[in-house]
Amino acid sequence: MMSGADKKKGDLKKKIVHEVVEYWINVCYLTLVFAAFTQYRRFLLAAHDITYTNYGFAVSEALILAKVIMIGEVARLGRGLERKPLIYPTLYKTVIFTLFVGAFKVIEEVIKGLWKGKGLTGGLADFFEKGPYELLANSLVVFVAFIPFFAVKELGRVLGEDKIRGLFFRRRADRGIE
């Protein structure tokens, strides 16, 4: 028989493993999205004989955003419409998390400004120096990438993560679906 302390320890270990796996799934998805966007940018700039190979951006941004998403989930962002049809919480979370990511982007630029010795206003100036089109384009990419991301998460919440995992990664015969 397992004691209460052992059960609690096992539950904590299970939760940690789940969170780590969830984080890396988020990182993989976001890396693919940002790498595709980087490749798109590379193709556009190549038409003007400009070399662009900033693939490190895709990985570093995915690592950061995956953590931001997990922080937002712990803070229970976007939980207001979970009893409605799935389209509502999916789009609601997409909007809320896009804004949350935008806020973290501003914080990231401020920290970069402080790190480089430019101060708080220098970091903000660097952020706004990019111009409205780049800021809107980046927000649009994040927004569009989040729609299927949160749709699958919402399906997992309603149907169960194991069911979703089975639908994606097991043969139909193994699931009992013909």
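The structure this text deals with has already been given above.
My aim in this report is to walk through the structure given alongside it, one point at a time.

A short note on the pattern of salt bridges
Reasoning step 1: Counted by the stated rule, this structure contains 14 salt bridges.
Reasoning step 2: The shortest N-O distance in the salt bridge between K105 and E108 comes to 3.7 Å. Placement of both K105 and E108 in helix α3 (residues 87–115) is noted, with a separation of three residues, approximately one turn of the helix.
Reasoning step 3: Several salt bridges share partner residues, and in doing so they unite E61, K105, E108, E109 and K112 into one network.

Describing the side chain of K153
Reasoning step 1: The topology assignment puts K153 in helix α5 (residues 132–159).
Reasoning step 2: Since its relative accessible area comes to 18%, K153 is described here as buried.

Topic: the nonpolar core
Reasoning step 1: One finds L30, F34, I69, F97, V101 and F146 to be the most contacted residues of the largest nonpolar core, which totals 22 residues.
Reasoning step 2: When contributions to this core are tallied by element, the ones reaching two or more residues are α1 (4–46), α2 (55–74), α3 and α5.
Reasoning step 3: Element by element, the count of residues in this core is highest for α2, at seven residues.
Reasoning step 4: Look past the residues within four positions of L30 in its chain and what remains in contact with it is A62, L65, A66, I69 and F146.

Calculation criteria
- Residues numbered from 1 in each chain as written.
- Predicted model: local features only at pLDDT ≥ 70, side-chain atom pairs only at ≥ 80, totals over all residues.
- Heavy atoms only, no water.
- Salt bridge = Lys/Arg side-chain N within 4 Å of Asp/Glu carboxyl O.
- Helix = DSSP H or I, 4+ residues; strand = E, 2+ residues; numbered from the N terminus.
- Buried < 20%, exposed > 50% of the residue type's maximum accessible area, 1.4 Å probe, protein only.
- Core = buried A, V, L, I, M, F, W, Y, C linked by side-chain atoms within 4.5 Å.
- Contact = heavy atoms within 4.5 Å.

Geometric values such as these leave the question of function open.
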